[in-house]
Amino acid sequence: MTGGPQFDKCRELLREGGVVLYFKGPVTQEVVEGLGSMIRRKVDFEIAPRTRASMAFAILVEQLQNVLHYAADAVDMATGRMASGELIIRLDPDGLCLSCGNLIRRDLSPRIRERLDALAGTDKETLKALYKSSRQQGPDAQSRGAGLGFLEMARRSVRPMRYAIEPISDDLAWFALDVVIA
């Protein structure tokens, strides 16, 4: 194999873990669009029916938009916003798992926990009603987007979303979110 022994070992671990895509690096709007388009094609043609490809695309865009809006290292450039993040798409016994992670400011942790914990275990009908209500009300003052991302992902997920927020320093934490679609 090429790339040396570390590359071969990493590639083998990814294959054993059912990883379809792993991305680590700068996230810009162009990267969101490019990865979204690529994963839609890959899932559609290689892995699953078109409906799953559309759901994977929607989840991927929501997750990467969260990176752009809330990553601790996000910077505004003349042409747009850029932040660092990681994305893993892997096969899961329940479907396709999309995991995204990035550094956040620790002061965002309570708000994120509150929003995600409130969605855990919520049935699909309630999620649908919450989504409609949130669309009518608009985003809250602290939201940097439409404020619907977690709700949209929870609606599409086949099981409660899993997340982790791990403190890195006094100011930073690592936030990761897993969403599984059928």
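Everything here concerns the structure above.
Cut-offs used in this document
Numbering of residues begins from 1 in every chain and follows the order in which that chain's sequence is written. At least 70 in pLDDT is required for a residue's local features to be given in this predicted model, at least 80 for side-chain atom pairs to be given and counted, and no such filter applies to totals for whole chains, interfaces and linings, which use all residues. Where side-chain values are given, they derive from all heavy atoms of the structure, hydrogens and water being excluded. The angle between two axes is taken between their N-to-C directions and runs from 0 to 180 degrees, where each axis is a line fitted to C-alpha atoms and a helix contributes only its stretch in contact. Under the DSSP-based scheme used, a helix requires at least four consecutive residues in state H or I and a strand at least two consecutive residues in state E, with every element numbered from the N terminus. Working rule for angles: under 35 degrees goes down as roughly parallel, over 145 as roughly antiparallel, 65 to 115 as roughly perpendicular, anything else as oblique. Each crossing is labelled by how the near helix is turned from the far one, with a counterclockwise turn of less than a right angle marking it left-handed and a clockwise turn marking it right-handed. Residue contacts are counted whenever heavy atoms from the two residues lie within 4.5 Å of one another. In the scheme used here, Gly and all other residues not listed as nonpolar or charged are polar, with Ala, Val, Leu, Ile, Met, Phe, Trp, Tyr, Cys and Pro taken as nonpolar and Asp, Glu, Lys and Arg as charged. Here a helix's expected span is defined as the number of its residues, less one, multiplied by 1.5 Å. Relative accessibility thresholds used throughout: buried, under 20% of the residue-type maximum; exposed, over 50%; partly exposed, between the two (1.4 Å probe, protein chains only). Pairing of N or O atoms within 3.5 Å defines a polar contact, subject to two protein rules: one partner must be a possible hydrogen donor and the other a possible acceptor, and residues neighboring in sequence count only if both atoms are side-chain atoms. The definitions used throughout rest on a 1 Å grid laid over the protein atoms alone, on which a cavity is an enclosed set of points accommodating a 1.4 Å probe that cannot get out and a pocket is an open set flanked by protein within 12 Å on both sides along at least five of seven lines; lining residues are those having an atom within 4 Å of a point. Grid points are joined across faces, edges and corners, and a volume is the space filled by probe spheres set on the points.

## A word on the packing of helix 5 (residues 124–137) against helix 6 (residues 149–156)
Consideration 1: The N-to-C vectors of helix 5 and helix 6 enclose an angle of 155°; their axes lie 10 Å apart at closest approach. The orientation of helix 5 relative to helix 6 falls into the category roughly antiparallel. By crossing handedness, the relation of helix 5 to helix 6 is classed as left-handed. Along the contact surface, helix 5 presents Lys 124, Leu 127, Lys 128, Leu 130, Tyr 131 and Ser 134, while helix 6 presents Leu 151, Glu 152, Ala 154, Arg 155 and Arg 156.
Consideration 2: Its residues assigned to classes, the contact of helix 5 with helix 6 shows five nonpolar, one polar and five charged.

## Considerations on helix 1 (residues 4–16)
Consideration 1: Its 13 residues place the ends of helix 1 19 Å apart at the C-alpha level, agreeing with the 18 Å of an ideal helix rising 1.5 Å per residue.
Consideration 2: The first or second residue beyond helix 1 is Gly 18, which carries a positive phi of 70°.

## A short note on the packing of helix 4 (residues 109–119) against helix 6
Consideration 1: Remark: helix 4 packs on helix 6, axes separated minimally by 10 Å, with the N-to-C direction vectors making an angle of 30°. With respect to helix 6, the axis of helix 4 lies roughly parallel. The hand of the helix 4/helix 6 crossing is right-handed. Residues Ile 112, Arg 115, Leu 116 and Leu 119 of helix 4 pack against Phe 150, Leu 151 and Ala 154 of helix 6.
Consideration 2: In terms of residue class, the contact of helix 4 with helix 6 is built from six nonpolar, no polar and one charged.

## Here we look at the side chain of Asp 92
Consideration 1: Mapping Asp 92 onto the fold places it in strand 3 (residues 80–92).
Consideration 2: Assessed through its relative accessible area of 11%, Asp 92 is described here as buried.
Consideration 3: There is a polar contact of 3.1 Å between the side chain of Asp 92 and the side chain of Arg 159.
Consideration 4: Those residues in contact with Asp 92 that sit more than four places away from it in its chain are Cys 97, Arg 159 and Val 180.

## Some points on empty space enclosed by the protein
Consideration 1: This model, assessed by the stated rule, comprises one cavity of 30 Å³ or more.
Consideration 2: By volume, the largest cavity is sized at about 50 Å³.
Consideration 3: Every residue along the wall of the largest cavity is listed here: Gln 63, Asn 66, Val 67, Cys 100, Asn 102, Phe 175 and Leu 177.
Consideration 4: Elements supplying a minimum of two residues to the lining of the largest cavity: helix 3 (50–70), strand 4 (95–105) and strand 6 (172–181).
Consideration 5: Classifying every residue of the lining of the largest cavity by side-chain character gives four nonpolar, three polar and no charged.

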